[in-house]
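# Observations on chain architecture
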Amino acid sequence: MNPARKTLSLPLCALPLSAAATHRHVSLYRILIARMIARVFRQLAILLGLALIPAVVSAALQLQWNREEPLAAGEVRVGTAREWGDKVIWVDARSRAKFEKRHIPGAVLLNEDEWDALVGPFLDAWDPDKEVVVYCDGGGCEASTAVADRMREELKIGNVHVLKGGWNAWLGK
Amino acid sequence: MAGKVILLALRVALAWIFLKAGVLKIWDFAHWRSATPEFALAIQNYQIVPWPDLTLLFAVYLPWLEVLTALALFTQRLRLGGIALFSGLTILFLGALVSAWARGLDIACGCFGKDEVSTDFPAMIERDLCILAGLAVLFFFEWRRLSRAPASSKT
């Protein structure tokens, strides 16, 4: 081994070692492990720090987009729907489990999974003079859009709206 | 030589998993919009993080961490840290899955964006355990490579 090339490589050795040699090997292993652990933490810190940069930029851009995002056709913001007060029938397009856990007060459950069973009770509660606002979880949830489309096509209800932001928007998130 | 090829293939496979997972949580290509709200909802469904602001923080930060960790596997200077971080994140996700399964939650994993709706917990846990096994192999060989490197090498 080249004495000018200082390494910490410790080849496996089948020969019995003296106590001093064993002690030296153990010390070298401890130094090796300590250096490796320091290396891991150093690299971890670099990765955690580097990931912050695109995350912060992404968050800033999304905040900007959310402020500027226009309504799509058939959508209504939660503020507008609240202003309609009693002239709204809320329709919950989420699963029964989520509906039973918590829902907008007075909302009627009508989801695609139980459409046949739930459409009857919905029609009993429906009033043609009221606006129908359908909601689901929010974000990219498409259940409310699907239910709203079915109402327009199958039930021929025209004044159907989809709540922009869904349940999360109602909760103010 | 064959060993190097196998290790490279393992790195590529593991990096691909995390890269795909991270990218699909950042952007919804089907609707061409940010996928952060869906990922935030997926985190919320696990009912582990009690504060909505912290959920949003994780939803914004974790995907980029996954992407960078995947890329780190291909750099010599950050590979060991990448493997350690990859392992830590996998253990975190595994813990969340086990917790959700134990509490009987019927939720989407959220591991690969909003299109993954499977709630087959045993399969997902098995998948994560396989990933951890692959990472253990990579870690062993990387440790060995670095322990033989000159002591003056940086990072």
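Our structure is the block above this text.
What comes next concerns the included structure. The structure presented is a predicted model; accordingly, all values stated were derived computationally and were not measured.

## Section: the overall build of chain A
Of the regular secondary structure elements, chain A holds six helices and five strands. In chain A, the succession of α and β elements from N to C terminus is α-β-α-β-α-β-α-β-α-β-α. When the 173 residues of chain A are sorted by exposure, 34% land in the buried category. Here the analysis covers contacts within chain A between residues at least 6 apart in sequence; of these, 64% occur between residues at least 24 apart.

## What about the packing of helix α1 (residues 2–26) of chain B against helix α4 (residues 79–102) of chain B?
All names here are of chain B. One can describe the packing of α1 onto α4 by two numbers: an axis separation of 12 Å at closest approach and a directional angle of 50°. Classified by the interaxial angle, the pair formed by α1 and α4 is oblique. Between α1 and α4 lies a crossing whose hand is left-handed. Between α1 and α4, the contacting residues are Arg-11, Leu-14, Ala-15 and Phe-18 on the first element and Arg-79, Phe-86, Leu-89, Thr-90 and Phe-93 on the second. Considered class by class, the residues forming the contact of α1 with α4 number six nonpolar, one polar and two charged.

## Regarding the pairing of strand β2 (residues 88–92) of chain A
Residues and elements named next belong to chain A. The buried count for β2 comes to five of five residues, which makes it a mostly enclosed element. Of the two faces of β2, the one lined by Val-88, Trp-90 and Asp-92 and the one lined by Ile-89 and Val-91 are each fully buried. Relative to strand β4 (residues 131–135), β2 is paired through five bridges, and the arrangement is parallel. By the bridge assignment, Trp-90 is partnered in β4 with Val-133. Where β2 lies against strand β3 (residues 108–109), two bridges are found, and the strand directions are parallel. Counted as the bridge partner of Asp-92 is Leu-109 from β3. The β-α-β motif built from β2, the intervening helix α3 (residues 96–101) and the parallel element β3 has right-handed crossover chirality.

## Examining a nonpolar patch on the surface
Together, Ile46(A), Leu50(A), Ile53(A), Val57(A) and Leu61(A) give the surface a local cluster of nonpolar side chains, amounting to about 410 Å² of exposed area. Mapped onto the fold, Ile46(A) is located in helix α1 (residues 19–68).

Rules behind the numbers
What you see as residue numbers is a count from 1 along each chain, following the sequence as written. Key to labels: chains lettered from A, ligands numbered from 1, both in the order written. Local features are withheld for residues below a pLDDT of 70 in this predicted model, meaning they are given only at 70 or higher, and side-chain atom pairs are given and counted only at 80 or more; totals for whole chains, interfaces and linings count all residues. The basis for the side-chain values is all heavy atoms of the structure; hydrogens and waters are excluded. Working definition: helices are DSSP H or I runs of at least four residues, strands are E runs of at least two. Numbering for both runs from the N terminus. Accessibility here uses a 1.4 Å probe with only protein chains present; expressed as a share of the type maximum, an area under 20% marks a residue as buried, one over 50% as exposed, and anything in between as partly exposed. By definition, residues are in contact when any of their heavy atoms lie within 4.5 Å. Between N-to-C directions, angles span 0 to 180 degrees; the directions come from axes that are lines fitted to C-alpha atoms, helices contributing only their stretch in contact. In this scheme, roughly parallel covers angles under 35 degrees and roughly antiparallel covers those over 145, while 65 to 115 is roughly perpendicular and the rest are oblique. A clockwise turn of the near helix away from the far one marks a right-handed crossing, whereas an anticlockwise turn of less than a right angle marks a left-handed crossing. Residues are grouped as follows: Ala, Val, Leu, Ile, Met, Phe, Trp, Tyr, Cys and Pro are nonpolar; Asp, Glu, Lys and Arg are charged; all remaining types, including Gly, are polar. A pair of strands is considered paired only if DSSP assigns at least 2 bridges between the two. Seen with its strands pointing away from the viewer, a crossover is right-handed if its path from the first strand over the helix to the second goes clockwise. Each patch is assembled from residues with relative accessible area greater than 30% and no salt bridge, linking like charges that lie within 9 Å and nonpolar side chains (Val, Leu, Ile, Met, Phe, Trp, Tyr) that lie within 5 Å. Accessible areas in this description were obtained via Shrake-Rupley with a 1.4 Å probe; residue shielding takes into account the shown protein chains only. Salt bridges are defined by distance alone: a side-chain nitrogen of Lys or Arg within 4 Å of a carboxyl oxygen of Asp or Glu.

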